[in-house]
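# Commentary on secondary and tertiary structure
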Amino acid sequence: MSAMIERDAYIAMVGKEVGVSPWHIMDQKRIDAFAAATEDFQFIHVDPARARETPFGTTIAHGFLTMSMLSVFSYEALPQLADVAMGVNYGTDKVRFVSPVKAGSRIRGRFTLTEATLRKPKELFTRTAVSVEIEGEDKPALVADWLGLVYFN
């Protein structure tokens, strides 16, 4: 995790890249666990033999699995704000699943702070442009505007 910074310093970072996470492996074990948790057993995700016959040539991660990795990416990449009581996921805008994440690929998150607005004295609304990169690929797996609320003590 990055160094701790003050709220005003974070607000001043609007328009700048604020973090890039380490790479994470998207292996079949993770894909299968997500399938079990969500009851989404479409063969393209969980049946390597059948998936080999598709244009992808292998199984691919669920789009929502890729999106769910934003949490761990953000914990690893985003600056830690001082005096925070809690942060909550407020939602997303313009989510697009641009490219499939093939089983065995490595992915990471790249974050650019595009908005940071103090809505109340102790409530900060954030909008972060995020892309999930696939190692060795030209196009990202996912792009989105991620919305958050940060509450201060």
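Our structure is the block above this text.
What this report covers is the structure whose coordinates are included nearby.

Rules used in this analysis
Residues numbered from 1 in each chain as written. Predicted model: local features only at pLDDT ≥ 70, side-chain atom pairs only at ≥ 80, totals over all residues. Heavy atoms only, no water. 1 Å grid on protein atoms, 1.4 Å probe; cavity = no way out; pocket = protein on both sides within 12 Å on 5 of 7 lines; lining within 4 Å. Points joined across faces, edges and corners; volume = space filled by probe spheres on them. Helix = DSSP H or I, 4+ residues; strand = E, 2+ residues; numbered from the N terminus. Core = buried A, V, L, I, M, F, W, Y, C linked by side-chain atoms within 4.5 Å. Buried < 20%, exposed > 50% of the residue type's maximum accessible area, 1.4 Å probe, protein only. Contact = heavy atoms within 4.5 Å. Phe/Tyr/Trp six-rings, centres within 6.5 Å; stacked < 30°, edge-to-face > 60°. Lys NZ or Arg CZ within 6 Å of the ring centre and 35° of its normal. Salt bridge = Lys/Arg side-chain N within 4 Å of Asp/Glu carboxyl O.

## Regarding the layout of surface pockets
Approximately 600 Å³ is the volume attributed to the largest pocket. Every residue lining the largest pocket is counted, 21 residues in all, and those nearest its centre are S74, Y75, L78, G87 and V150. Secondary structure elements with two or more residues in the lining of the largest pocket: α6 (70-77), β4 (80-81), β5 (84-97), β7 (123-134) and β8 (142-152).

## Concerning the nonpolar core
Membership of the largest hydrophobic core comes to 30 residues, with the highest contact counts inside it found for Y10, M26, F73, V101, I107, F111 and V132. Looking at this core, the elements with two or more residues in it are α2 (28-38), α6, β6 (105-120), β7 and β8. Per element, the largest residue contribution to this core is 5 residues, and it comes from β8. Excluding its chain neighbours within four sequence positions, the residues that come into contact with I107 are P22, W23, H24, M26, M69, F73, V101, V132, E133 and I134.

## Thoughts on the packing of aromatic side chains
Counted according to the given criterion, the structure contains 3 aromatic pairs. In this arrangement the basic side chain of R50 is found over the ring face of F43, its NZ or CZ atom lying 3.9 Å from the centre. Of note, R119 hangs over the ring of Y90, and the distance from its end group to the ring centre comes to 5.4 Å.

## Some remarks on the pattern of salt bridges
Tallied over the full model, the rule gives 9 salt bridges. Between E133 and R108 there is a salt bridge, with the nearest N and O atoms lying 2.6 Å from each other. Placement of the pair is E133 in strand β7 and R108 in strand β6, with a sequence separation of 25 residues. Of the charged contacts in the structure, one is a salt bridge between R127 and D145, with a shortest N-O distance of 4.0 Å.

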